[in-house]
Amino acid sequence: MSYLTFDNAGITFHDAADKPQRLIDFLNTAENRSDLAQADLVNGVQSDMKRLFDNTAEGMIRLVIFLRIAARLIRKPQKHHVLHAGKWSPLDEVLASFLPKFNAQNYLWSYSPTRPVGKFSHVNFVFAEVDGGGIIFPMTPSPR
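Residues numbered from 1 in each chain as written. Predicted model: local features only at pLDDT ≥ 70, side-chain atom pairs only at ≥ 80, totals over all residues. Heavy atoms only, no water.

(A) Molecular detail of the nonpolar core. Judged by nonpolar contacts, the single largest core of 34 residues is most densely connected at Leu4, Ile24, Val45, Phe66, Leu67, Leu95 and Phe98. Sorting the residues of this core by element identifies β2 (10–14), β3 (20–25), α1 (38–52), α2 (57–75), α3 (90–102) and β6 (123–126) as the ones contributing at least two each. Filtering out sequence-adjacent residues up to four positions away, Val45 remains in contact with Ile24, Phe26, Phe66, Leu67 and Phe98. (Core = buried A, V, L, I, M, F, W, Y, C linked by side-chain atoms within 4.5 Å. Buried < 20%, exposed > 50% of the residue type's maximum accessible area, 1.4 Å probe, protein only. Helix = DSSP H or I, 4+ residues; strand = E, 2+ residues; numbered from the N terminus. Contact = heavy atoms within 4.5 Å.)

In structure tokens form, the structure reads like this:
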């Protein structure tokens with residue numbers, strides 16, 4: 001069974017084989033290449049984690065995805081776009097406000113059949129109707 005461990009230094013994910021993988025290291029300030037102060041970063045990540053985790057397996061998945069994205073934003077100070085395909089979720093709510101903290105050009109792209117109520121300044125909504133449902137992927141023409 002997978003699980004997370006928390007300590008003052010950071011957060012570690014343990015997979016089904018109990019192999020640990022450090023997701024975020026709060027004490028290694030050299031890893032923080034973002035413009036956020038270390039204290040603001042730690043407080044922001046911890047408060048968003050509380051919004052995501054609801055003691056369910058789905059909450060754990062949302063949390064791990066969020067921490068992987070947060071780690072990438074911390075280590076790579078560049079423009080990032082995150083795509084989520086599916087129903088609007090608490091993870092989308094968190095990412096909509098979390099992404100622009102690192103760069104004003106960061107955006108969440110949301111592919112969903114519906115748009116949530118609210119104003120989201122750093123979210124691009126993608127709408128498409130597909131016969132029979134599903135996701136549209138670009139395809140190369142087949143040779144005839």
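(B) Highlighting the sheet that holds strand β1 (residues 3–7). What the 3 strands build is an open sheet, ordered β1-β2-β3; its pairing is antiparallel. Every interior strand has two partners, whereas the edge strands, β1 and β3, have only one. Direction aside, the axes of adjacent strands within the sheet are offset by 25° on average. In terms of strand pairing, β1 meets β2 through 5 bridges, oriented antiparallel. Within β2, the position partnered with Asp7 by the bridge is Gly10. In the packing of α2 onto the sheet, the strands contacted are β1, β2 and β3, and the crossing angle to β3 comes to about 60°. (Pairing = 2+ DSSP bridges. Axes fitted to C-alpha atoms, helices over the stretch in contact; angles between N-to-C directions.)

(C) Structural context of the environment of Thr12. Topologically, Thr12 is positioned in strand β2. Thr12 gets classed as buried once you look at its relative accessible area, which sits at 10%. Expressed as a C-alpha distance, the spacing of Thr12 and Ile24, which sit 12 residues apart in the sequence, is 7.2 Å. Ignoring anything within four residues of it in the chain, the contact list for Thr12 reads Tyr3, Leu4, Thr5, Pro20, Gln21, Arg22 and Leu23. Reaching out from Thr12, the side chain makes a polar contact with the side chain of Arg22 at a distance of 2.7 Å. (Polar contact = N/O pair within 3.5 Å; in protein donor to acceptor, adjacent residues only side chain to side chain.)

(D) Molecular detail of the environment of Asn103. Positionally, Asn103 belongs in the loop between α3 and β5 (107–111). Along the backbone, Asn103 and Lys79 are 24 residues apart, and their C-alpha atoms lie at a distance of 6.4 Å. Setting aside residues no more than four positions away along its own chain, Asn103 makes contact with Gln78 and Lys79. At 2.8 Å, the side chain of Asn103 and the backbone nitrogen of Gln105 are in polar contact.

(E) Region of the structure containing the side chain of Asp48. Its place among the elements puts Asp48 in helix α1. Once residues lying within four places of it in the same chain are set aside, the contact partners of Asp48 are Phe66, Val94, Phe98 and Lys101.

(F) Up close: the confidence of the model for the protein. When pLDDT is averaged along the protein, the result is 81; 88% of the residues meet or exceed 70. Here β1 stands out as the element of the protein with the lowest mean pLDDT, 82, in contrast to α3, whose mean of 91 is the highest. (pLDDT = per-residue confidence, 0-100.)

(G) Looking closely at the pairing of β5. Alignment of strand β4 (residues 81–85) against β5, held across 5 bridges, turns out to be parallel. Counted as the bridge partner of Val82 is Leu108 from β5. Looking at chain direction, β5 and β6 are connected through 4 bridges and run parallel. In the sheet register, Tyr111 faces β6, and the bridge partner there is Val126.

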